[in-house]
Amino acid sequence: MDLFSWLRGKKKFNSTKPSVNRYRKITELANKAGELNGRHYTTYRHEVEALERESPDKAISLLLELIAVAEAQAKIDKVPAPSEYYERLATLYDMKEQYDNEILILQRVISTQPTYSKNSVKLTARLDRAKKLAHNAT
């Protein structure tokens, strides 16, 4: 059995020494998980900021893609996804008074954060605010 089958969970991996080429391929695939259009998701900060001012709808589309990429990388690294892009997206939804979408994205980021983190507390307070706004808007 090869390493790829083991990673997919097919059977027990019985080789104690995977080939160098296989290791490089796995490493390359893991690194690409954090990329969007050949760039690491963390390098899009300036584009996101510009789009937020010029075209909020395009910024929302880009942020949704970046969040998906960040979540894939976080899953591989076994760490919480960074919350910056979620927060920017929630802010855009708030500005557009799309409170239901704001609630969904805040719930999504809160589910990725450890409950003891200061960030989780801040996001939970923001979620409560969004729920009140959504209730008042209806």
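Now for a look at the structure at hand.

1. Here's the deal with the pattern of salt bridges
Piece 1. Tallied over the full model, the rule gives 10 salt bridges.
Piece 2. The shortest N-O distance in the salt bridge between Arg88 and Glu52 comes to 2.8 Å. Linking Arg88 in helix α5 (residues 84-95) with Glu52 in helix α3 (residues 45-54), this pair joins segments that are 36 residues apart in sequence. This pair shows no difference in class: Arg88 is buried, exactly as Glu52 is.
Piece 3. Ionic pairing is found between Arg108 and Glu71, a salt bridge with its closest N-O pair at 2.9 Å. Of the two residues, Arg108 is situated in helix α6 (residues 99-112) and Glu71 in helix α4 (residues 56-77); the sequence distance between them amounts to 37 residues.
Piece 4. Glu71 gets classed as partly exposed once you look at its relative accessible area, which sits at 24%.
Piece 5. Each of Arg45, Glu49, Glu52, Glu84 and Arg88 takes part in one network of salt bridges that share partners.

2. Regarding the packing of α6 against helix α7 (residues 118-137)
Piece 1. Contact geometry for α6 and α7: axes closest at 9 Å, N-to-C directions at 160 degrees. In terms of axis orientation, α6 runs roughly antiparallel to α7. By crossing handedness, the relation of α6 to α7 is classed as left-handed. Where α6 abuts α7, its residues Tyr99, Asp100, Glu102, Ile103, Leu106, Gln107, Val109 and Ile110 lie against Ser120, Leu123, Thr124, Arg126, Leu127, Arg129, Ala130, Lys131, Leu133, Ala134 and Ala137.
Piece 2. Here the residues of the contact of α6 with α7 are counted per class, giving 11 nonpolar, 3 polar and 5 charged.

3. A closer look at the nonpolar core
Proteins that are soluble and globular tend to have nonpolar side chains buried together.
Piece 1. Residues Tyr44, Val48, Leu62, Leu66, Tyr85, Leu89 and Ile105 are the most contacted members of the largest nonpolar core, which totals 31 residues.
Piece 2. Of all the secondary structure elements, the ones that give two or more residues to this core are α3, α4, α5, α6 and α7.
Piece 3. Considering each element in turn, this core owes the most residues, 9 residues, to α4.
Piece 4. Aside from chain neighbours lying at most four places away, what touches Tyr44 is Leu36, Asn37, Arg39, Leu62, Leu66 and Tyr85.

4. Quick word on α4
Piece 1. The terminal C-alpha atoms of α4, which comprises 22 residues, lie 30 Å apart, in line with the 32 Å expected from a rise of 1.5 Å per residue.
Piece 2. Taken together, the buried positions of α4 are Ala59, Ile60, Leu62, Leu63, Leu66, Ile67, Val69, Ala70, Gln73 and Ala74.
Piece 3. Structurally, α4 contributes buried residues whose contacts are with α2 (20-32), β1 (35-36), α3, α5 and α6.
Piece 4. After α4 finishes, the residue Lys78 shows a positive phi value of roughly 55 degrees.

5. Details of the packing of aromatic side chains
Piece 1. A full pass over the atoms with the stated rule returns 1 aromatic pair.
Piece 2. Summarising the aromatic geometry, the rings of Tyr41 and Tyr85 are spaced 6.5 Å apart at their centres and angled 70 degrees between planes, so their arrangement reads as edge-to-face. Of the two residues, Tyr41 sits in the loop between β2 (39-40) and α3 while Tyr85 sits in helix α5, which places them 44 residues apart along the sequence.
Piece 3. Owing to a relative accessible area of 6%, Tyr85 belongs among the buried residues under this scheme.
Piece 4. If you follow Arg39 out to its NZ or CZ, it ends over the ring of Tyr44, 4.0 Å from the centre.

The rules behind these values
- Every chain is numbered independently, its residues counted from 1 as its sequence is written.
- This being a predicted model, a pLDDT of at least 70 is required before a residue's local features are given, and a value of 80 or more before pairs of side-chain atoms are given or counted; all residues contribute to the totals for chains, interfaces and linings.
- Note that the side-chain values use all heavy atoms of the structure and ignore hydrogens as well as water.
- By convention in these notes, a salt bridge is any Lys or Arg side-chain nitrogen within 4 Å of a carboxyl oxygen on Asp or Glu.
- Secondary structure elements are taken from DSSP: a helix is a run of H or I of four residues or more, a strand is a run of E of two residues or more, and numbering for both begins at the N terminus.
- Here the term buried applies to any residue with accessible area under 20% of the maximum for its type, exposed to any over 50%, and partly exposed to those in between, with areas from a 1.4 Å probe on protein chains only.
- To get an axis, a line is fitted to the C-alpha atoms, and for a helix only the part in contact is used. The angle between two axes follows their N-to-C directions and goes from 0 to 180 degrees.
- In what follows, roughly perpendicular refers to angles from 65 to 115 degrees, roughly parallel to angles under 35, roughly antiparallel to angles over 145, and oblique to any angle outside these ranges.
- It is the rotation of the near helix from the far one that decides the hand of a crossing: anticlockwise by less than a right angle makes it left-handed, clockwise makes it right-handed.
- Residue contacts are counted whenever heavy atoms from the two residues lie within 4.5 Å of one another.
- Under this grouping Gly is polar, as are all residues other than the nonpolar Ala, Val, Leu, Ile, Met, Phe, Trp, Tyr, Cys and Pro and the charged Asp, Glu, Lys and Arg.
- To qualify as a nonpolar core, a set must consist of buried Ala, Val, Leu, Ile, Met, Phe, Trp, Tyr and Cys residues joined through side-chain atoms within 4.5 Å.
- In a helix, the anticipated span is given by 1.5 Å times the number of residues less one.
- Paired rings are identified among Phe, Tyr and Trp, the last through its six-membered ring, by centres lying within 6.5 Å, and are further divided according to the angle between planes into stacked (under 30 degrees), edge-to-face (over 60) and tilted (the rest).
- We call a charge positioned over a ring when the NZ of a Lys or the CZ of an Arg lies within 6 Å of the ring centre and within 35 degrees of the ring normal.

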